[in-house]
Amino acid sequence: MRKTILVVFLVLLASLPLSAADTGLGLSFGATVPLMEVGGKVEGQYSDMLGLGGEVMVDYAYMPSTWFSVGATVGASVFETPHSDGVLWRIPAYVDVTLAPGGRVRFPITISGGGYLEMTGDSLGYGPAARVSLGVESDLGGWTVYAKTQAEALFHISDEGVRTFIALTPIVFGVRMVF
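Residues numbered from 1 in each chain as written. Predicted model: local features only at pLDDT ≥ 70, side-chain atom pairs only at ≥ 80, totals over all residues. Heavy atoms only, no water.

### Description of the pattern of salt bridges
According to the stated counting rule, one finds 7 salt bridges in the structure shown. Across the pair Arg 106 and Glu 137 runs a salt bridge whose closest N-O atoms are separated by 2.9 Å. One end of the pair, Arg 106, is in strand S5 (residues 105–106); the other, Glu 137, is in strand S7 (residues 123–140), with 31 residues separating them in the sequence. Assigned by exposure class, Arg 106 and Glu 137 land together as buried. Residues Asp 139 and Arg 106 are paired through a salt bridge, measuring 2.9 Å at the closest nitrogen-oxygen approach. One end of the pair, Asp 139, is in strand S7; the other, Arg 106, is in strand S5, and 33 residues separate them in sequence. The partly exposed category is assigned to Asp 139, whose relative accessible area is 21%. (Salt bridge = Lys/Arg side-chain N within 4 Å of Asp/Glu carboxyl O. Helix = DSSP H or I, 4+ residues; strand = E, 2+ residues; numbered from the N terminus. Buried < 20%, exposed > 50% of the residue type's maximum accessible area, 1.4 Å probe, protein only.)

Shown next, in the form of C-alpha coordinates:
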(Lines give C-alpha, C1' and ligand atoms only; values in the text may rest on other atoms or scores of the structure.)
Protein backbone atom coordinates (compact mmCIF):
# COMPACT_ATOMS: atom_id res chain seq x y z
CA MET A 1 0.00 0.00 0.00
CA ARG A 2 2.82 2.41 0.84
CA LYS A 3 4.47 1.72 -2.51
CA THR A 4 1.21 2.53 -4.31
CA ILE A 5 0.84 5.81 -2.45
CA LEU A 6 4.47 6.68 -3.19
CA VAL A 7 4.02 5.93 -6.92
CA VAL A 8 0.84 8.06 -7.10
CA PHE A 9 2.60 10.90 -5.27
CA LEU A 10 5.61 10.75 -7.61
CA VAL A 11 3.37 10.74 -10.71
CA LEU A 12 1.51 13.79 -9.38
CA LEU A 13 4.78 15.53 -8.55
CA ALA A 14 6.19 14.79 -12.02
CA SER A 15 3.04 16.11 -13.71
CA LEU A 16 3.13 19.53 -12.00
CA PRO A 17 5.49 21.19 -14.48
CA LEU A 18 3.40 20.13 -17.50
CA SER A 19 1.38 23.36 -17.41
CA ALA A 20 0.75 26.49 -15.42
CA ALA A 21 -1.98 26.34 -12.80
CA ASP A 22 -5.48 26.95 -14.15
CA THR A 23 -8.89 27.17 -12.56
CA GLY A 24 -12.16 26.17 -14.09
CA LEU A 25 -15.87 26.63 -13.53
CA GLY A 26 -18.15 23.99 -15.02
CA LEU A 27 -21.79 23.08 -15.53
CA SER A 28 -23.04 19.54 -16.18
CA PHE A 29 -26.30 17.63 -16.42
CA GLY A 30 -27.43 14.02 -16.67
CA ALA A 31 -30.17 11.49 -15.91
CA THR A 32 -29.82 9.44 -12.71
CA VAL A 33 -31.07 5.89 -12.16
CA PRO A 34 -31.57 4.66 -8.57
CA LEU A 35 -30.15 1.13 -8.39
CA MET A 36 -30.50 -0.36 -4.93
CA GLU A 37 -30.72 0.12 -1.20
CA VAL A 38 -28.65 -1.91 1.25
CA GLY A 39 -29.47 -2.12 4.96
CA GLY A 40 -32.39 -0.85 7.00
CA LYS A 41 -35.75 -2.51 7.59
CA VAL A 42 -37.06 -1.98 4.05
CA GLU A 43 -34.06 -3.23 2.12
CA GLY A 44 -34.33 -3.26 -1.66
CA GLN A 45 -37.17 -0.74 -2.12
CA TYR A 46 -35.02 2.19 -3.27
CA SER A 47 -35.41 1.56 -7.00
CA ASP A 48 -39.18 1.01 -6.51
CA MET A 49 -39.56 4.23 -4.49
CA LEU A 50 -37.86 6.50 -7.04
CA GLY A 51 -38.27 6.88 -10.75
CA LEU A 52 -35.72 8.25 -13.19
CA GLY A 53 -34.12 11.43 -11.92
CA GLY A 54 -32.23 14.33 -13.37
CA GLU A 55 -29.32 16.32 -11.99
CA VAL A 56 -27.58 19.61 -12.60
CA MET A 57 -24.12 20.15 -11.09
CA VAL A 58 -21.80 23.16 -10.84
CA ASP A 59 -18.11 22.45 -10.25
CA TYR A 60 -14.99 24.44 -9.47
CA ALA A 61 -11.56 22.96 -10.17
CA TYR A 62 -8.01 24.06 -9.42
CA MET A 63 -5.67 22.44 -11.94
CA PRO A 64 -1.97 22.70 -11.01
CA SER A 65 -1.21 20.46 -14.01
CA THR A 66 -2.96 18.98 -17.01
CA TRP A 67 -3.06 15.60 -15.27
CA PHE A 68 -4.30 16.53 -11.79
CA SER A 69 -6.99 18.74 -10.25
CA VAL A 70 -8.79 19.27 -6.97
CA GLY A 71 -12.11 21.00 -6.61
CA ALA A 72 -15.65 21.05 -5.34
CA THR A 73 -19.02 20.16 -6.82
CA VAL A 74 -22.52 21.11 -5.68
CA GLY A 75 -25.80 20.46 -7.40
CA ALA A 76 -29.42 19.45 -7.30
CA SER A 77 -31.16 16.24 -8.31
CA VAL A 78 -34.88 15.65 -8.60
CA PHE A 79 -36.70 12.29 -8.72
CA GLU A 80 -40.29 11.22 -9.20
CA THR A 81 -41.68 9.30 -6.22
CA PRO A 82 -45.16 7.99 -5.32
CA HIS A 83 -44.65 9.23 -1.73
CA SER A 84 -45.56 12.63 -0.22
CA ASP A 85 -45.80 15.33 -2.87
CA GLY A 86 -44.47 13.11 -5.68
CA VAL A 87 -41.02 14.72 -5.90
CA LEU A 88 -37.79 14.00 -4.03
CA TRP A 89 -35.05 16.66 -4.05
CA ARG A 90 -31.43 15.83 -3.34
CA ILE A 91 -28.65 18.41 -2.88
CA PRO A 92 -25.18 16.80 -2.93
CA ALA A 93 -21.89 18.59 -2.21
CA TYR A 94 -18.50 17.01 -2.86
CA VAL A 95 -14.77 17.60 -2.69
CA ASP A 96 -13.22 16.14 -5.85
CA VAL A 97 -9.77 14.75 -6.67
CA THR A 98 -9.15 14.04 -10.36
CA LEU A 99 -6.40 12.26 -12.25
CA ALA A 100 -6.69 12.91 -16.00
CA PRO A 101 -4.02 11.18 -18.10
CA GLY A 102 -3.72 12.29 -21.69
CA GLY A 103 -3.02 15.44 -23.70
CA ARG A 104 -5.67 17.57 -25.42
CA VAL A 105 -8.00 14.61 -24.97
CA ARG A 106 -7.90 13.25 -21.41
CA PHE A 107 -9.55 10.38 -19.59
CA PRO A 108 -10.34 11.68 -16.08
CA ILE A 109 -10.92 9.46 -13.07
CA THR A 110 -12.53 11.38 -10.22
CA ILE A 111 -13.03 10.30 -6.62
CA SER A 112 -15.35 12.48 -4.56
CA GLY A 113 -16.39 12.61 -0.92
CA GLY A 114 -18.91 14.83 0.81
CA GLY A 115 -22.51 14.79 1.90
CA TYR A 116 -26.10 15.25 0.80
CA LEU A 117 -29.42 16.70 1.92
CA GLU A 118 -32.63 15.01 0.73
CA MET A 119 -36.16 16.44 0.93
CA THR A 120 -39.58 15.09 0.06
CA GLY A 121 -42.84 16.44 1.44
CA ASP A 122 -42.23 16.89 5.17
CA SER A 123 -39.36 14.37 5.31
CA LEU A 124 -35.69 15.36 5.54
CA GLY A 125 -32.67 13.09 5.17
CA TYR A 126 -28.95 13.71 5.14
CA GLY A 127 -25.63 11.97 5.50
CA PRO A 128 -22.21 11.36 4.01
CA ALA A 129 -21.80 10.50 0.34
CA ALA A 130 -19.13 9.18 -2.02
CA ARG A 131 -18.89 9.17 -5.79
CA VAL A 132 -16.56 7.85 -8.48
CA SER A 133 -16.64 8.85 -12.14
CA LEU A 134 -14.84 7.95 -15.37
CA GLY A 135 -14.98 10.00 -18.52
CA VAL A 136 -13.42 11.70 -21.51
CA GLU A 137 -12.74 15.42 -21.92
CA SER A 138 -11.25 17.63 -24.60
CA ASP A 139 -9.70 21.10 -24.54
CA LEU A 140 -11.20 23.63 -26.94
CA GLY A 141 -9.20 26.78 -26.32
CA GLY A 142 -10.41 28.29 -23.04
CA TRP A 143 -13.16 25.68 -22.72
CA THR A 144 -13.27 22.00 -21.87
CA VAL A 145 -16.13 19.74 -22.93
CA TYR A 146 -16.64 16.39 -21.27
CA ALA A 147 -18.80 13.31 -20.92
CA LYS A 148 -18.59 10.87 -18.02
CA THR A 149 -20.39 8.14 -16.18
CA GLN A 150 -20.63 8.10 -12.41
CA ALA A 151 -21.76 5.92 -9.52
CA GLU A 152 -22.81 7.39 -6.20
CA ALA A 153 -23.31 5.94 -2.72
CA LEU A 154 -25.38 7.88 -0.18
CA PHE A 155 -25.27 6.81 3.46
CA HIS A 156 -28.38 7.57 5.53
CA ILE A 157 -27.69 7.17 9.25
CA SER A 158 -30.71 6.80 11.55
CA ASP A 159 -31.89 4.96 14.68
CA GLU A 160 -32.64 1.96 12.46
CA GLY A 161 -29.01 1.73 11.35
CA VAL A 162 -27.16 2.76 8.23
CA ARG A 163 -28.91 2.50 4.88
CA THR A 164 -26.82 2.86 1.74
CA PHE A 165 -28.46 4.10 -1.44
CA ILE A 166 -26.62 3.45 -4.69
CA ALA A 167 -27.37 5.40 -7.86
CA LEU A 168 -25.87 5.44 -11.34
CA THR A 169 -25.71 8.33 -13.78
CA PRO A 170 -24.94 6.56 -17.05
CA ILE A 171 -24.00 9.69 -18.98
CA VAL A 172 -23.23 13.21 -17.81
CA PHE A 173 -22.53 15.99 -20.31
CA GLY A 174 -20.69 19.12 -19.26
CA VAL A 175 -18.68 22.16 -20.20
CA ARG A 176 -16.02 23.96 -18.16
CA MET A 177 -14.64 27.45 -18.70
CA VAL A 178 -10.90 27.49 -17.94
CA PHE A 179 -9.33 30.73 -16.78
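Now that the structure is up, let's keep going.
### A look at the environment of Met 63
Relative to the elements of secondary structure, Met 63 occurs in strand S2 (residues 53–63). Distance in space between the C-alpha atoms of Met 63 and Thr 98 is 9.2 Å, their sequence separation being 35 residues.

### Observations regarding the pairing of strand S6 (residues 109–120)
Relative to S6, strand S4 (residues 87–99) is paired through 11 bridges, and the arrangement is antiparallel. Bridge pairing in S6 places Thr 98 opposite Thr 110. (Pairing = 2+ DSSP bridges.)

So far we have only geometry, and geometry alone does not tell us how the molecule works.
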